[in-house]
Amino acid sequence: MKAFKIDHIGVAVKSAEEASKIFKDVLNLEVEEEVLEDRKLKVAMVMVGDSRVELLEDMDENGTISKFIEKRGEGLHHMALEVDDIYKSVERLKAEGYRIISEPAPGAGGTIVAFVHPKDVHGILLELVERRQNNGQK
Ligand code: ZN
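Notes on the structure in this doc start here. (Residues numbered from 1 in each chain as written. Predicted model: local features only at pLDDT ≥ 70, side-chain atom pairs only at ≥ 80, totals over all residues. Heavy atoms only, no water.)

Here we take up the side chain of Thr111. Inspection of the secondary structure assignment puts Thr111 in the loop between β6 (100–106) and β7 (112–116). Judged by relative accessible area, Thr111 falls into the buried class, the value being 5%. (Helix = DSSP H or I, 4+ residues; strand = E, 2+ residues; numbered from the N terminus. Buried < 20%, exposed > 50% of the residue type's maximum accessible area, 1.4 Å probe, protein only.)

Right under this line is the structure:
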C-alpha cells in the first residue's frame, strides 16, 4: 500500500454552482460538474494543476453533506489521498485497527473510493482514491 499525493480536498457546500464561481470566474480554473445519482450528490470538481478541490452539494436533505452543513456550516469536509490499490489499502488499515466507515465504492470521475473514520485520523475524514482509468498514463 502506497499513497502518492493529495488527490483532492472535499468541501461541503450548499450549492456547487454558487461555490464554483470564485474558482471559475475569479481564479480562472476549469470546473467539471458531475451528478452522482447513487450518492445523491452534485459534484463540482475544480482542477488546480495536479490537484483538485471537490465541491459537494447534497441532493438529499438528510444526506451526510446536508447533516455536516447543518452541524458545522459549509467548509472543509475531507482530504483524499490517491493510493495504488484501494482494496489492499483498506484491508491493511482494518488489520491495523482503523475503522473504515465506507467500503470501496464508485466515486466521482470513474474512481473507487473508501473513507476512514476521522477519529482514527486525528480529526480528518480521510478518503482513499484509486484511479483505475488513469493508471496507464502515469
Ligand atoms: Zn472526495
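The next thing to look at is helix α2 (residues 64–72). Here α2 has its buried residues at Ile65, Ser66, Phe68 and Ile69. On an axial view of α2, the arc spanned by its buried residues comes to 160 degrees, and they lie on one face. More than 90 degrees from the buried face of α2, the exposed residues found are Thr64, Glu70 and Lys71. In this fold, the buried residues of α2 make contact with β1 (3–12), β3 (41–48), β4 (51–58) and β5 (75–83). Looking one or two places after α2, you find Gly73, whose phi comes out positive at around 80 degrees. (Arc of directions from axis to C-beta. Contact = heavy atoms within 4.5 Å.)

Now for helix α1 (residues 16–26). Listed in full, the buried residues belonging to α1 are Ala16, Ala19, Ser20 and Phe23. The arc that holds every buried residue of α1, seen down its axis, measures 95 degrees, which confines them to one face. Exposed positions of α1 whose direction lies more than 90 degrees from the buried face are Glu17, Asp25 and Val26. Elements in contact with the buried residues of α1: β2 (30–36), β3 and β4. Following α1 by one or two positions, Asn28 adopts a phi angle in the positive range, close to 60 degrees.

Another point: the sheet that holds β2. The sheet built from eight strands is open, its strands ordered β2-β3-β4-β1-β5-β8-β7-β6 with mixed pairing. A single partner strand is all that each edge strand has here, and the edge strands are β2 and β6. Between one strand axis and the next, the sheet turns through 25 degrees on average, direction left out of account. Pairing analysis gives eight bridges linking β3 to β4, with the strands arranged antiparallel. Residue pairing in the sheet places Val43 in a bridge with Leu56 of β4. Across the sheet, α1 touches β2, β3 and β4, and the angle it forms with β4 is around 155 degrees. (Pairing = 2+ DSSP bridges. Axes fitted to C-alpha atoms, helices over the stretch in contact; angles between N-to-C directions.)

Its location among the elements puts Leu126 in strand β8 (residues 126–130). Judged by relative accessible area, Leu126 falls into the buried class, the value being 11%. Linking Leu126 and Phe115, residues 11 residues apart in sequence, is a C-alpha distance of 5.6 Å. Residues within four places of Leu126 in sequence aside, it is in contact with Met79, Leu81, Ala114, Phe115, Val116 and Val121.

Attention now goes to a nonpolar patch on the surface. Taken together, the side chains of Ile22, Val26 and Leu27 define a hydrophobic patch exposed on the protein surface, amounting to about 300 Å² of accessible area. With respect to the helices and strands, the residue Leu27 is situated in the loop between α1 and β2. (Patch = residues over 30% accessible without salt bridge, like charges linked within 9 Å, V, L, I, M, F, W, Y side chains within 5 Å. Areas by Shrake-Rupley, 256 points an atom, 1.4 Å probe, with all protein chains shown as cover. Salt bridge = Lys/Arg side-chain N within 4 Å of Asp/Glu carboxyl O.)

Every protein donor of the zinc ion is accounted for by His8 (NE2), Glu54 (OE), His78 (NE2) and Glu127 (OE), and the metal-donor separations fall at 2.0 to 2.1 Å. One can describe the donor arrangement at the zinc ion as irregular, given that its four donor atoms subtend angles of 83 to 170 degrees at the metal. Within one chain, the residues donating to the zinc ion are spaced in sequence as H-x45-E-x23-H-x48-E. With Glu54 in strand β4 and His78 in strand β5, this residue pair connects regions lying 24 residues apart in the sequence. The same class applies to Glu54 and to His78, which are both buried. (Donors = N, O, S within 2.8 Å, 3.2 Å for Na, K, Ca; no water. Tetrahedral: all angles 85-135°; square planar, octahedral: opposite > 155°, others 65-115°.)

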